[in-house]
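Coordinates in review
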Amino acid sequence: SANSLDAGYLFHSKDRRENAAMKTMGCGRRGDALKFWLYWVRYGKQGFGHHVDAGLQLATELVEYIRSKPELELGPLADPLFLQICFRPKQPDSADDAAHALDQEQVRVRSKGTQFVYQELKRRRMFAVDFAPLPNDIGDYIRLVVHPRTRMDDLRTLVDQVAEIGCAYWKQA
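Residues numbered from 1 in each chain as written. Predicted model: local features only at pLDDT ≥ 70, side-chain atom pairs only at ≥ 80, totals over all residues. Heavy atoms only, no water.

Once that is clear, we can look at the overall build of the chain. A tally of helices and strands in the chain yields three helices and four strands. For the chain, the succession of helices and strands along the chain, N to C, is α-β-β-α-β-β-α. Taken over 173 residues, the chain has a buried fraction of 36%. Taking all contacts inside the chain whose residues are at least 6 apart in sequence as the whole, residues at least 24 apart take part in 59%. Carbon together with sulfur atoms contributes 54% to the accessible area of the chain, which is approximately 10,900 Å² in total. (Helix = DSSP H or I, 4+ residues; strand = E, 2+ residues; numbered from the N terminus. Buried < 20%, exposed > 50% of the residue type's maximum accessible area, 1.4 Å probe, protein only. Contact = heavy atoms within 4.5 Å. Areas by Shrake-Rupley, 256 points an atom, 1.4 Å probe, with all protein chains shown as cover.)

If you want it as structure tokens, here you go:
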């Protein structure tokens, strides 16, 4: 329990069998400094810089790909951009969300769509992604942390599947 962390963006159940990470040092953040130091020793300042730059380039490309999908809604982005990208299936005929705040019912409905996509991706067993409740009561989004060694083709496939599953959800909802 000393290494536990109760984070809504990580754990969606209190069942430790479903959330094995609840028992790890990584989710307690105690081991992060050691991991960082080992990486630094192995790759050095230049290698670490290349790794981060590659991740940021991939994240930029991913954001543009998501923006090209009218059936997806991009979550708030860090400024400057970092490696966590949040998006969800866009409810058909929804207004431009940047122009107005969503009411609680709209947030609930869109979050249900996100959770449906999450469950279907889990069932397909092709991608291991998660969803996260974002701040300011805007609801749940698919949460993707870009790793520099991930292939863009794989990220496109994931985004395409989120769009496809989301469209299927909104048609039956």
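Take the pattern of salt bridges next. Considering all chains together, one arrives at 11 salt bridges under this definition. A salt bridge links Glu-64 to Arg-67, with the nearest nitrogen and oxygen atoms 3.0 Å apart. Pair noted here: Glu-64 and Arg-67 are both in helix 1 (residues 32-67), with a separation of three residues, about one helical turn. In this structure Arg-67 comes out as exposed when scored by relative accessible area, which is 51%. Between Arg-88 and Glu-73 there is a salt bridge, with its nearest N and O atoms 3.1 Å apart. With Arg-88 in strand 2 (residues 84-89) and Glu-73 in strand 1 (residues 72-74), this residue pair connects regions lying 15 residues apart in the sequence. The class for Glu-73 is buried, based on a relative accessible area of 7%. When salt bridges with common partners are traced through the structure, they connect Glu-120, Arg-123, Arg-124 and Glu-164 into a single cluster. (Salt bridge = Lys/Arg side-chain N within 4 Å of Asp/Glu carboxyl O.)

A few words now on the confidence of the model for the chain. Per-residue pLDDT for the chain averages 85, and the proportion of residues at 70 or more is 79%. Confidence, read as mean pLDDT per element, is least for strand 3 (residues 130-134) in the chain (89) and greatest for helix 3 (residues 152-172) (96). (pLDDT = per-residue confidence, 0-100.)

This paragraph deals with the sheet that holds strand 2. In space, the four strands of this open sheet follow the order 1-2-4-3, with antiparallel pairing throughout. On the outer flanks of this sheet lie strand 1 and strand 3, each paired with one strand and no other. Taking each pair of neighbouring strands and ignoring which way they run, the sheet shows an average axis angle of 45°. Where strand 1 and strand 2 come together, three bridges link them in antiparallel fashion. Bridge pairing in strand 2 places Glu-73 opposite Arg-88. Docked against the sheet, helix 1 engages strand 1, strand 2 and strand 4 (139-145), running at close to 15° with respect to strand 2. (Pairing = 2+ DSSP bridges. Axes fitted to C-alpha atoms, helices over the stretch in contact; angles between N-to-C directions.)

What follows concerns helix 1. In this model helix 1 runs just 33 Å from its N-terminal to its C-terminal C-alpha over 36 residues, more than 12% under the 52 Å that 1.5 Å per residue would give. Maximal helix bending in helix 1 amounts to about 105°, located at Gly-44. Turning to helix 1, its buried residues are Tyr-39, His-51, Gly-55, Leu-58, Ala-59, Leu-62, Val-63, Tyr-65 and Ile-66. Against the buried residues of helix 1 lie strand 1, strand 2, strand 4 and helix 3. (Expected span 1.5 Å × (residues − 1). Bend = angle between axes of the 7 residues up to and from the residue.)

Summed over the entire model, instances satisfying the criterion amount to eight aromatic pairs. Plain terms: the ring middles of Tyr-39 and Phe-48 are 5.2 Å apart, the flat faces sit at 75° to each other, and that makes the pair edge-to-face. Three or more aromatic residues link up through ring pairs in this structure, and these residues are Phe-36, Tyr-39, Trp-40, Tyr-43 and Phe-48. The ring of Tyr-43 is capped by Arg-42, whose NZ or CZ atom sits 4.7 Å from the centre of that ring. We note Arg-156 situated over the ring of Tyr-65; from NZ or CZ to the ring centre the distance is 5.8 Å. (Phe/Tyr/Trp six-rings, centres within 6.5 Å; stacked < 30°, edge-to-face > 60°. Lys NZ or Arg CZ within 6 Å of the ring centre and 35° of its normal.)

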